[in-house]
Amino acid sequence: MDKRFKWVFIYLFPIFIVILHLFTQPTFIKKNWIFYILGFGLLLYVYLICIYDKNNKIEGIIRKIYFIYTYFFLLYIFPKISEEYNIWEGNGGIFNLNEIVSTAVVIFIISVIIYIIVISDFNISEISFGNTKISMLKERYKEEINSHFKNTNQLLKKIEAEGYIIYNMKEYCQKVRKRIYEKGTYISTEYEILLTKYFNRQKDKIKVSILQKLDENELRKNFGFKSDEICTLKCQLENNELYSTELDNTYYLFIPFCYIFEELLNEKKKPVYIVLEAKTPISVEAESNIIRNILIKFADDLLQLL
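Keep in mind that what you see is a predicted model, and the values were worked out from it rather than measured.

Asks: Is there a simple way to explain the overall build of the chain in this structure?
Replies: Looking only at helices and strands, the chain has 12 helices and six strands in total. Per-residue burial over the chain gives 34% buried out of 306 residues. Across the chain, the fraction of contacts at a sequence separation of at least 24, relative to all contacts at a separation of at least 6, is 61%. Carbon and sulfur atoms provide 57% of the accessible area of the chain, an area that totals close to 20100 Å².

Right, here's the structure in full:
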């Protein structure tokens, strides 16, 4: 079908309303002619958008036309409703406005409500009035629900990876025991290997490193922290608290850990510090709890073999 013919077809309903009112509601159309001009002006506006804006999607054009059709439909039934129910009670209008302005407000508001609830079924993200945009709640709720499901799926993958590591821990500790007896190893190195295995299981691009102590020069050189941030970091970690931060689009999570081997290898209780580094936000609570569960299980099973 030719595009021009389509647009002629689209204009049929508004033209039909105008012709019908010319014969049945001549007084109303004479008094409120501006509303009809406005309706055709909106149709012309949509037509020009369709021609000159190549990026405008067909869904957007259809929505605009539906809105205009709703507008003309309300324009069609309004005279009968106004006469039957005497809406303005004589010459008065809403908020002390005159009848014409009051009629415009009512038609516009009802058109928008019907457009949102009936036609769009709340599935639009926004309505535009020039440069002003009004976001719809359902779209926002939909994004929140999708985000919730995404986070839940990520957590399930983490729990699945944790379960796999813990289930196979005794077998893994047999290999660690063999390494220790053959060539020796550092427990902190084994922590790093095990946790890297956990993240690789999820295909998470998170780098794991272990710090034996909080050396200021090392924190500056390896992580780019400044003096004030190092002070805050040390204060929290030395009080056995987590420390999470973002620096130059890189996310860091520091987890203090002290269990059997840390107590056996040091004269006093002295933790090591697990450092997670990623380009995307790190789930602080989930990762800290899962990592501690994995390392505690590792220490318990390995100690039984030594």
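Resuming the write-up.
Asks: How should unusual backbone geometry be read in this particular structure?
Replies: Negative phi values dominate among residues other than glycine, just as trans dominates among peptide bonds. In the Ramachandran plot, D248 falls in the positive-phi region, its phi being about 55 degrees despite a non-glycine side chain. Taking the relative accessible area as the measure of exposure, D248 reaches 65% and is therefore exposed. Unusually for a residue other than glycine, N249 sits at a positive phi of about 65 degrees. On the accessibility criterion, N249 (58% relative accessible area) is exposed.

Asks: Sorry if this is basic, but what is going on with the packing of aromatic side chains here?
Replies: What describes a pair of aromatic rings is the distance from one ring centre to the other and the angle between the planes of the rings. Summed over the entire model, instances satisfying the criterion amount to 13 aromatic pairs. Where F13 meets Y69, the ring centres are 5.1 Å apart and the plane angle is 35 degrees; that geometry is what we call tilted. Of this pair, F13 sits in helix α1 (residues 3–24) while Y69 sits in helix α4 (residues 58–85), placing them 56 residues apart in sequence. Overall, the relative accessible area of 26% leaves F13 in the partly exposed class. Residue classification places Y69 among the partly exposed positions, given a relative accessible area of 24%.

Asks: When you look at the pairing of strand β3 (residues 206–211) in this model, what are you seeing that I'm missing?
Replies: A regular strand places its side chains so that they alternate between the two faces of the sheet. Burial analysis of β3 places five of its six residues in the buried class, the great majority of the element. Relative to strand β6 (residues 272–278), β3 runs antiparallel, the two sharing six bridges. Counted as the bridge partner of L211 is Y273 from β6.

Asks: Quick question: what am I supposed to make of the pattern of salt bridges here?
Replies: It is possible for side chains bearing opposite charge to pair when their charged atoms get close. Applying the stated criterion to the full structure yields five salt bridges. Between E287 and K158 there is a salt bridge; the shortest N-O distance is 2.4 Å. Of this pair, E287 sits in helix α12 (residues 284–305) while K158 sits in helix α6 (residues 137–167), and the two are 129 residues apart along the sequence. The shortest N-O distance in the salt bridge between K297 and D301 comes to 3.4 Å. With K297 and D301 both in helix α12, this residue pair falls four residues apart, about one helical turn. We classify K297 as partly exposed; its relative accessible area is 27%. Look at D301 and you get buried, because its relative accessible area is 6%. Salt bridges sharing common partners tie together E216, R220 and K234.

Basis of the calculations
- Residues numbered from 1 in each chain as written.
- Predicted model: local features only at pLDDT ≥ 70, side-chain atom pairs only at ≥ 80, totals over all residues.
- Heavy atoms only, no water.
- Helix = DSSP H or I, 4+ residues; strand = E, 2+ residues; numbered from the N terminus.
- Buried < 20%, exposed > 50% of the residue type's maximum accessible area, 1.4 Å probe, protein only.
- Contact = heavy atoms within 4.5 Å.
- Areas by Shrake-Rupley, 256 points an atom, 1.4 Å probe, with all protein chains shown as cover.
- Phe/Tyr/Trp six-rings, centres within 6.5 Å; stacked < 30°, edge-to-face > 60°.
- Pairing = 2+ DSSP bridges.
- Salt bridge = Lys/Arg side-chain N within 4 Å of Asp/Glu carboxyl O.

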